[in-house]
2 protein chains.
Amino acid sequence: MFKQLGLIGCGLMGGSFALALKRAGLVRHVVGYSKSPSTVIQAQKMGVVDQAADSALLAVSGSDLVLIAVPVAATEPTFRAIRHLVQPGTVFMDVGSTKADVVTAARRVLKERLKHFVPAHPIAGKESSGIGAADANLYRGCQVILTPLPENEPHQIERATTAWVGVGAQVRQMSAEAHDAAFAAVSHLPHLIAFAAFSAIARQPAGDRLLELAGPGFRDFTRIAASEPSVWRDILIANREQVLAQAELFKTQLRLIESAMRDGRPEAVEALIRDASSGRAGWQMNAPRGAGSGNSGSGTP
Amino acid sequence: MFKQLGLIGCGLMGGSFALALKRAGLVRHVVGYSKSPSTVIQAQKMGVVDQAADSALLAVSGSDLVLIAVPVAATEPTFRAIRHLVQPGTVFMDVGSTKADVVTAARRVLKERLKHFVPAHPIAGKESSGIGAADANLYRGCQVILTPLPENEPHQIERATTAWVGVGAQVRQMSAEAHDAAFAAVSHLPHLIAFAAFSAIARQPAGDRLLELAGPGFRDFTRIAASEPSVWRDILIANREQVLAQAELFKTQLRLIESAMRDGRPEAVEALIRDASSGRAGWQMNAPRGAGSGNSGSGTP
């Protein structure tokens, strides 16, 4: 049970966390701050926030749990704004999609208060963003990766875990470096590819006509191409070494299929597709590998 | 109104068409043939087919509408099997995802009966395949592309259009070549990319662990990677020139973003992402360009 949640950033991620924590009866009081005054007013009206704070620092004051749910580029300034009010017993977390850069910024800014910071990345989201989309069920069944620091004390990691489990998530721990390498593969590269694929079609002279013909396969494949540019600019730049390395692996695999097509080798094309198809059909989100139900998926030509 | 539908191939596409046509009251009787006897028995039990035929030829006998809904590679043998029973007044269609190859096969095999064949590509599908997944609403609101031949008579194209409109689809016409060029961009290339991207991740030494971490963005992005290998082998081989040309455009766009990342140019990265993001957020399936509601989509980091 937490006495007070200090919420810095009242968007989809932060708002959903506050709602879910209240719904679970895990927090008594939520103090919220947003750069935009109208957002925090809306958060109050929606019952996400009990009290509006005029600054990030005031949202931290008296809070034993703090969630920093701001764009990655705003994380370091937020650390600077709040570091003087981090009390013993307070745990604070972020929700950023990259972790090594956040840890570096935290080290630089927080110094002896570093131990209070437990870096977190909830693997959740939905089509719409902003406080209006906040949803007490956003984190239900999703994974949250914690990348604890050597400086963290066990009870701080435990408090962080309690909060995420309380909102319905499964919690995993790994190092910030392992996190960034893994998400370069399963999240950042797919976004990079989706951005490039959508633009490559839209920019053709007949682009508008092509897009009129696209069906449900294209819709799902490119959904993540609509992601927020400033957020993804920060992710792709912060994690560029890992993302570029993953892009090379992808291009090698793409070339394999392309050359089998070019040479007119149907058996080779089929074998390469089957590799992906059987793997993807047996994959289930949030399931340990091998535990998939083996449902035979089939796509949309 | 059709007197009798001859259904050759009782899978998702064919079964859904028969169900929808019956539901709409547009056909009196459905005669179905499947290579697999158990499939046609199931189709009868489900009320998709009124009468089982022992051969494709017998399914055509007495039918004024014939739908060939078999894997692309089986289309030419099907043409050979049925060509001697195509009667005056009969219209037959396929459902293949590539059209130039089907038209070439039709020309080769059907000769003076070619005028009865109206090539069709319904842009529909779902996760599961087979007769068990047949759904009277599969074609509701979807697009169907007809690529009529110079040999078709206007009333044959009209009959084909009537059938698809009757099952709830929007019908468009274009040439087989324009069709294949367009779908290379909006369907075949996305599949090729999804196959390569899934395998590139799964084949890494840590592949299983990576896949355990993947979230909803990855799930949607790779959904089409689970597509049927033999179907997609045929499509990628049949339309390889166009698909390879589209792949070059994609790789050029990918290189643009990669080099902006590598050079550490955040503004350039953001501009390239924004190009895709604003385009994708304003896109709606089956809507003429410019008619999108401008909903601001946002992806899942």
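Definitions and limits used
Residues numbered from 1 in each chain as written. Chains lettered and ligands numbered in written order. Predicted model: local features only at pLDDT ≥ 70, side-chain atom pairs only at ≥ 80, totals over all residues. Helix = DSSP H or I, 4+ residues; strand = E, 2+ residues; numbered from the N terminus. Rg over C-alpha atoms; globule rule 2.2 N^0.38 Å. Buried ≥ 20, exposed ≤ 12 C-beta atoms within 10 Å, placed from the backbone. Contact = placed C-beta atoms within 7 Å. Least-squares fit on C-alpha atoms with pLDDT ≥ 70 in both. Expected span 1.5 Å × (residues − 1). Axes fitted to C-alpha atoms, helices over the stretch in contact; angles between N-to-C directions. Parallel < 35°, antiparallel > 145°, perpendicular 65-115°, else oblique. Nonpolar A, V, L, I, M, F, W, Y, C, P; charged D, E, K, R; others polar. Pairing = 2+ DSSP bridges. Right-handed = clockwise from strand over helix to strand, strands pointing away. Domains from an automatic or database assignment. pLDDT = per-residue confidence, 0-100.

(A) Structural view of the overall build of chain A. Along its length, chain A carries 12 helices and 8 strands. Against the globule reference of 19 Å for 301 residues, chain A gives a C-alpha radius of gyration of 21 Å, in line with a compact fold. Its C-alpha atoms put chain A at 70 × 40 × 35 Å along the principal axes. For chain A, buried positions account for 56% of its 301 residues. Across chain A, the fraction of contacts at a sequence separation of at least 24, relative to all contacts at a separation of at least 6, is 74%.

(B) Quick look at the relation of the copies chain A and chain B. You can overlay chain A on chain B at an RMSD of 0.0 Å; the transform is a turn of 180° with a shift of 0.0 Å along its axis. On the angle and the small slide along the axis, the relation comes out as a two-fold axis. If distances are taken from each C-alpha of chain A to the rotation axis, the shortest is found for Phe-221 of chain A, at 2.0 Å. Most of the interface of chain A is mirrored in chain B: 100% of its interface residues are interface residues there too.

(C) Region of interest: the interface of chain A and chain B. The interface is formed by 87 residues belonging to chain A together with 87 residues belonging to chain B. Of all elements in the fold, only α7 (176-202), α8 (207-213), α9 (216-221), α10 (229-238), α11 (240-262) and α12 (266-281) of chain A reach the threshold of two or more residues within the side of chain A that touches chain B. For the side of chain A that touches chain B, the element with the highest residue contribution is α7 of chain A, accounting for 17 residues.

(D) Here's a closer look at helix α11 (residues 240-262) of chain B. Spanning 23 residues, α11 of chain B covers 31 Å between terminal C-alpha atoms, matching the ideal 33 Å at 1.5 Å per step. Of the positions making up α11 of chain B, those classed as buried are Arg-240, Gln-242, Val-243, Gln-246, Ala-247, Phe-250, Gln-253, Leu-254, Ile-257, Glu-258, Ala-260 and Met-261 of chain B. If you follow the buried residues of α11 of chain B, they end up packed against α7, α10 and α11 of chain A together with α7 (176-202), α10 (229-238) and α12 (266-281) of chain B. At the exit of α11 of chain B stands Gly-264 of chain B, carrying a positive phi of roughly 65°.

(E) Examining the packing of α7 of chain A against α12 of chain B more closely. At a minimum axis separation of 9 Å, α7 of chain A and α12 of chain B run at an interaxial angle of 70°. For the element pair α7 of chain A / α12 of chain B, the angle class is roughly perpendicular. Judged by residue contacts, Phe-195, Phe-198, Ser-199 and Ala-202 of chain A of α7 of chain A engage Leu-272, Ile-273, Asp-275, Ala-276, Gly-279 and Arg-280 of chain B from α12 of chain B. Here the residues of the contact of α7 of chain A with α12 of chain B are counted per class, giving 6 nonpolar, 2 polar and 2 charged.

(F) Looking closely at the sheet that holds strand β4 (residues 65-68) of chain A. Residues and elements named next belong to chain A. One open sheet holds the 5 strands; their spatial order is β3-β2-β1-β4-β5, and the pairing between them is parallel. Both outer strands of the open sheet, β3 (51-52) and β5 (91-94), are each paired with one neighbouring strand and no more. As defined by bridge partners, β4 adjoins β5 across 4 bridges and the pair is classed as parallel. The partner of Ile-68 across the bridge, within β5, is Asp-94. Along the sheet face, helix α6 (residues 154-166) touches β1 (2-8), β4 and β5 and points at about 60° away from the line of β5.

(G) The arrangement of the sheet that holds strand β4 (residues 65-68) of chain B in detail. Residue and element names in this part refer to chain B. The sheet built from 5 strands is open, its strands ordered β3-β2-β1-β4-β5 with parallel pairing. At either margin of the open sheet sits one strand with a lone partner, and together these are β3 (51-52) and β5 (91-94). Sheet topology note: the strand β1 (residues 2-8)/β4 ladder contains 4 bridges and is parallel. For Leu-7, the partnering residue across the bridge sits in β4 and is Leu-67.

(H) Structural context of the pairing of strand β2 (residues 27-33) of chain B. Residue and element names in this part refer to chain B. Here β2 lies mainly inside the structure; 5 of its 7 residues are buried. One ladder, built from 6 bridges, connects β1 with β2; its direction is parallel. Opposite Leu-5, over in β2, you have Val-30 as the bridge partner. Traced from β1 through helix α1 (residues 12-23) to β2, the parallel crossover comes out right-handed. Bridging between β2 and β3 involves 2 bridges; their strand directions are parallel. Along β3, the bridge assignment pairs Val-31 with Gln-51.

(I) Structural view of the domain arrangement of chain A. All names here are of chain A. Split into domains, chain A comes out as domain 1 (2-174) and domain 2 (178-281). Between domain 1 and domain 2, the C-alpha centre-to-centre distance is 31 Å. The interface is formed by 13 residues belonging to domain 1 together with 12 residues belonging to domain 2. By residue class, the composition of the side of domain 1 that touches domain 2 is 6 nonpolar, 5 polar and 2 charged.

(J) Structural detail: the environment of Arg-159 of chain B. Its place among the elements puts Arg-159 of chain B in helix α6 (residues 154-166). The spacing of Arg-159 of chain B and Phe-2 of chain B is 157 residues in sequence and 9.0 Å in space, taken between C-alpha atoms.

(K) Spatial organisation of unusual backbone geometry. Even without glycine at this site, Lys-111 of chain A takes up a positive phi of about 50°. Here Lys-111 of chain A is to be found in the loop between α5 (100-110) and β6 (120-122).

(L) Fine view of the environment of Glu-241 of chain B. Inspection of the secondary structure assignment puts Glu-241 of chain B in helix α11. Sequence-wise, Glu-241 of chain B and Ala-181 of chain B are 60 residues apart; in three dimensions their C-alpha atoms are separated by 9.1 Å.

(M) Summary view of the confidence of the model for chain A. Residue and element names in this part refer to chain A. Per-residue confidence for chain A gives a mean pLDDT of 93; residues scoring 70 or more make up 95%. Below a pLDDT of 50 lies the segment residues 290-301, which in the model reaches 35 contacts outside its immediate sequence neighbourhood of four places, other chains included. Overall fold confidence (pTM) sits at 0.87, and the ipTM for the predicted complex is 0.87.

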